[in-house]
Amino acid sequence: MTNLLTHELLTRFKEVGRQDVQNPFVIAKFFAPWNSWAWYAFSYNEETGTFFGLIKGSYKELGYFAIEDLRGVRGPNGLRVERDLYFREKPLSEIEKPKRHLEPSL
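Residues numbered from 1 in each chain as written. Predicted model: local features only at pLDDT ≥ 70, side-chain atom pairs only at ≥ 80, totals over all residues. Heavy atoms only, no water.

Colleague: Before we move on, can you summarise the overall build of the protein chain with the specific residues and values?
Modeller: A count of helices and strands for the protein chain gives three helices and seven strands. Its helices and strands taken in sequence order, the protein chain reads α-β-β-β-β-β-α-β-β-α from the N to the C terminus. Within the protein chain, residue pairs in contact and separated by at least 24 positions form 49% of the contacts whose partners lie at least 6 positions apart. Carbon together with sulfur atoms contributes 51% to the accessible area of the protein chain, which is approximately 7500 Å² in total. (Helix = DSSP H or I, 4+ residues; strand = E, 2+ residues; numbered from the N terminus. Contact = heavy atoms within 4.5 Å. Areas by Shrake-Rupley, 256 points an atom, 1.4 Å probe, with all protein chains shown as cover.)

The structure is reproduced here in structure tokens:
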């Protein structure tokens, strides 16, 4: 199981602050490995333990989600929500981009 919130991530969230901008940078991605749910965090309030970001589940929405809620979710066979260790910061607009499909060669 990965550590959902490292010291480095806490430091980065403090550096970027609330990001009240049109196209904020997503700092961290969390996901449920047993389904398609993902949480893209671009701000974190350490006092309340809540993130603000994009939640992709049954539908997409911007909203708050708590670190303790992510830690408490259990899937089949005890699976837990994980942090995407390969995710790199990017603007929210890049997460919302449709995937490009390669054209078949003729």
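Next, the rest of the story.
Colleague: Residues and numbers for the pairing of strand S3 (residues 38-45), please.
Modeller: With seven of eight residues buried, S3 lies mostly within the body of the structure. Both strand S2 (residues 28-31) and S3 contribute to a ladder of four bridges, which runs antiparallel. Paired with phenylalanine 31 across the strands is alanine 38, a residue of S3. The antiparallel hairpin formed by S2 and S3 contains six residues in its connecting segment. (Buried < 20%, exposed > 50% of the residue type's maximum accessible area, 1.4 Å probe, protein only. Pairing = 2+ DSSP bridges.)

Colleague: Let's hear about the nonpolar core: which residues, and what values?
Modeller: Within the largest apolar cluster, 18 residues are counted, with the highest numbers of intra-cluster contacts made by Leu5, Phe13, Phe30, Trp39, Phe51, Phe65 and Leu70. For this core, the elements supplying multiple residues, two or more each, are helix H1 (7-16), S2, S3, strand S4 (50-56) and helix H2 (67-72). Those residues within four positions of phenylalanine 30 in sequence are excluded, and the remaining contacts are Leu4, Trp37, Ala38, Trp39, Ala41, Phe51, Phe65, Leu70, Val81, Glu82 and Arg83. In terms of nonpolar packing, the next biggest core, distinct from the first, is built from eight residues, Ala38, Tyr40, Leu54 and Phe87 among them. (Core = buried A, V, L, I, M, F, W, Y, C linked by side-chain atoms within 4.5 Å.)

Colleague: Explain the sheet that holds strand S5 (residues 60-66) to me, and be specific about the residues and the numbers.
Modeller: Read across the sheet, five strands follow the order S5-S4-S3-S2-S6 without closing on themselves; strand pairing throughout is antiparallel. Edge positions in the sheet fall to S5 and strand S6 (82-83), since each of these pairs with one other strand and no more. Sheet topology places S4 next to S5; seven bridges connect them, and they run antiparallel. Across the sheet, residue phenylalanine 51 finds its bridge partner in S5, namely phenylalanine 65. H1 contacts S2, S3, S4 and S6 of the sheet and is inclined by roughly 65° relative to S3. (Axes fitted to C-alpha atoms, helices over the stretch in contact; angles between N-to-C directions.)

Colleague: Can you tell me about the packing of aromatic side chains, naming the residues and giving the values?
Modeller: One pass over the full model with this rule turns up nine aromatic pairs. Summarising the aromatic geometry, the rings of phenylalanine 13 and tyrosine 44 are spaced 5.9 Å apart at their centres and angled 45° between planes, so their arrangement reads as tilted. Of this pair, phenylalanine 13 sits in helix H1 while tyrosine 44 sits in strand S3, placing them 31 residues apart in sequence. A residue is classified by how much of its surface remains accessible, and tyrosine 44, at 17% relative accessible area, is buried. Clustering of aromatic rings is evident, with ring pairs tying together Phe13, Phe30, Tyr44, Phe51 and Phe65. (Phe/Tyr/Trp six-rings, centres within 6.5 Å; stacked < 30°, edge-to-face > 60°.)

Colleague: Please set out unusual backbone geometry residue by residue, giving values where relevant.
Modeller: Outside of glycine, negative phi angles account for most residues, and trans bonds account for most peptide bonds. Of note, the phi angle at glutamine 19 is positive, near 55°, even though the residue is not glycine. Mapped onto the fold, glutamine 19 is located in the loop between H1 and strand S1 (25-26). The phi angle at asparagine 77 is positive, at roughly 55°, despite the residue not being glycine.

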